[in-house]
Amino acid sequence: MFKKVAFIGAGAIAESMITGILARHILEPQQIWLTNRSNKQRLETLRDCFEVSVSEQTEHVIQNADLIILSVKPKDISEVLFSIKDKLQENQVILSVLAGVSTDYISEQLALANPVIRAMPNTSAAIGLSATAIAAGRHATPDHLQQVSHLLRAIGTTVSVQENALHAITGLSGSGPAYIYYLVEAMEEAASHINLDTRVAKDLILQTLIGAAEMLRSSSETPRLLRRKITSPGGTTQAGISVLEDYHFQEGLIAAIQAATKRSEELG
Ligand code: NAD
């Protein structure tokens, strides 16, 4: 297992990962180091909250780290890679959680033989329920992948994939929570049109979502069969589903996921 883990970029995803890693005792606070750009206050807040080590000097943070996690926005990655390339030690594993940035790009910018692994989590990482896909890049062995996967299980489930699947995964599960929030927005809006109390409606929608998710998880039946079983001909659900069909609801969602996938390809 990793002895020292360094995060470059102390934003939302770094905080989620640290929360999960410490909650599940995968690492002790003194094994985690963190740096950020021009936001000393943020570093101090995270240090006080998690008792991890922080420094404004990237060089200091990555020194002797056996895993370096790149958790900056894609627009900042070239600057980060340029700043660390002369300071990396052999065998330091690089894990990138950046959307759209390939492991080849990282390896080429570094011009080094360090193992590079890429992960695509989603925002449910903040509560330990991310659906995370990971892919091995150059020089990464199954052992490296297994160690990183163990670490990432701190923020949810993990699945290993070929890197070329990551654009589609970004479109499907990376952006996925937003599609569900969008659906809930519409259900809340509908509740106001049918004169339901907002607070009562919110509770009912939430529990409906949790119940349906749990049915999908625990049942051996397909989503289509689960739906058909509660859609009696001439009944209320049938009346609602017919309108969703008229509005091409499924086609809209398919097109949305395809568009998000294409956007990820364009960013990469
Ligand atoms: P964020 O903006 O909250 O955090 C990025 C941090 O990087 C900032 O605090 C910034 O100060 C720091 N930074 C920028 N340049 C730096 C540099 N040169 N050296 C050190 N630190 C630097 O962003 P985030 O939401 O944490 O996302 C980070 C990455 O994670 C993105 O590339 C995003 O695609 C990916 N990601 C995030 C999520 C998520 O749930 N938030 C999910 C999937 C992927």
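Remember, it's a predicted structure, so these values are computed and weren't measured experimentally.

Definitions and limits used
Residues numbered from 1 in each chain as written. Predicted model: local features only at pLDDT ≥ 70, side-chain atom pairs only at ≥ 80, totals over all residues. Heavy atoms only, no water. Helix = DSSP H or I, 4+ residues; strand = E, 2+ residues; numbered from the N terminus. Buried < 20%, exposed > 50% of the residue type's maximum accessible area, 1.4 Å probe, protein only. Contact = heavy atoms within 4.5 Å. Areas by Shrake-Rupley, 256 points an atom, 1.4 Å probe, with all protein chains shown as cover. Lys, Arg positive; Asp, Glu negative; His and termini not counted. Charge placed at Lys NZ, Arg CZ, Asp CG, Glu CD. Salt bridge = Lys/Arg side-chain N within 4 Å of Asp/Glu carboxyl O. Pairing = 2+ DSSP bridges. Right-handed = clockwise from strand over helix to strand, strands pointing away. Core = buried A, V, L, I, M, F, W, Y, C linked by side-chain atoms within 4.5 Å. Near = heavy atom within 4 Å. Polar contact = N/O pair within 3.5 Å; in protein donor to acceptor, adjacent residues only side chain to side chain. 1 Å grid on protein atoms, 1.4 Å probe; cavity = no way out; pocket = protein on both sides within 12 Å on 5 of 7 lines; lining within 4 Å. Sits in = over half its atoms within 2 Å of the grid points. Nonpolar A, V, L, I, M, F, W, Y, C, P; charged D, E, K, R; others polar. Axes fitted to C-alpha atoms, helices over the stretch in contact; angles between N-to-C directions.

1. A look at the overall build of the protein chain
Helix and strand content of the protein chain: twelve helices and eight strands. By principal-axis analysis of the C-alpha atoms, the protein chain measures approximately 70 × 40 × 35 Å. Out of the 268 residues belonging to the protein chain, those deemed buried represent 39%. Within the protein chain, contacts between residues at least 6 apart in sequence are counted, and of these 65% link residues at least 24 apart. When the accessible surface of the protein chain is totalled, it reaches about 15500 Å², and 56% of it is carbon and sulfur. Each charge class in the protein chain was averaged separately, 23 positive and 28 negative side chains, and the resulting centres sit 1 Å apart.

2. Section: the pattern of salt bridges
Across all of its chains, the model carries 13 salt bridges by this definition. For Glu-79, the salt bridge goes to Arg-37, with nearest N and O atoms at 2.9 Å. Pair noted here: Glu-79 is in helix H4 (residues 77-84) and Arg-37 is in the loop between strand E2 (32-35) and helix H2 (40-50), with a separation of 42 residues, a long-range link. Since its relative accessible area comes to 45%, Glu-79 is described here as partly exposed. When salt bridges with common partners are traced through the structure, they connect Arg-37, Lys-75, Asp-76 and Glu-79 into a single cluster.

3. Brief notes about the pairing of strand E1 (residues 5-8)
Side-chain alternation along E1 places Val-5 and Phe-7 on one buried face and Ala-6 and Ile-8 on a second face that is also buried. Here E1 runs beside E2; their pairing, made up of four bridges, is parallel. When the sheet's bridge partners are listed, Ala-6 is paired in E2 with Trp-33. What joins E1 to E2 is helix H1 (residues 12-23), and the crossover it makes is right-handed. The pairing of E1 with strand E4 (residues 67-70) spans four bridges and is parallel. By the bridge assignment for E4, Val-5 is matched with Leu-67.

4. Structural notes on the side chain of Thr-35
Assignment of secondary structure puts Thr-35 in strand E2. Other than its neighbours up to four places away in sequence, Thr-35 contacts Phe-7, Ile-8, Gly-9, Ala-10, Leu-43, Ser-55, Glu-56, Gln-57, Thr-58 and Val-61.

5. Here we look at the nonpolar core
Ranked by internal contacts, the top residues of the largest apolar core, which has 33 residues, are Phe-7, Met-17, Ile-21, Leu-67 and Leu-95. Counting residues per element, this core draws most heavily on H1, at five residues.

6. Quick look at the site of the ligand
Near the ligand you find 22 residues, and of these Ala-12, Ile-13, Asn-36, Val-72 and Ala-99 are the closest. In this structure, an oxygen atom belonging to the ligand sits 2.9 Å away from a main-chain N or O atom of Ile-13. Lys-73 places a polar side-chain atom, nitrogen or oxygen, 3.5 Å from an oxygen atom of the ligand. For the ligand, whose unbound accessible area comes to 830 Å², protein coverage reaches 81%. Under a 2 Å grid-point criterion requiring more than half of the atoms, the pocket assigned to the ligand is the second largest pocket. Mapped by element, the contributors of at least two residues to the shell around the ligand are H1 and H4. Its residues placed into classes, the shell around the ligand shows twelve nonpolar, six polar and four charged.

7. Overview of helix H7 (residues 166-174)
Buried within H7 are the following residues: Leu-166, His-167, Ile-169, Thr-170, Gly-171 and Ser-173. Contact partners of the buried residues in H7: strand E6 (116-120), strand E7 (130-136), helix H8 (176-193) and helix H12 (249-267).

8. Regarding the sheet that holds strand E3 (residues 53-54)
Taken together, the eight strands give an open sheet; going across it, the order is E3-E2-E1-E4-E5-E6-E7-E8, and neighbouring strands pair in mixed fashion. Either end of the sheet is taken by a strand with one partner, and the two such strands are E3 and strand E8 (156-160). Strand contacts of H4: E1 and E4, with the helix running at about 155° to E4, the strand carrying the most contacts. Across the sheet, helix H5 (residues 103-110) lies against E4, strand E5 (93-96) and E6, angled at about 145° from E6, the strand it touches most.

Read these as geometric descriptors, not functional statements.
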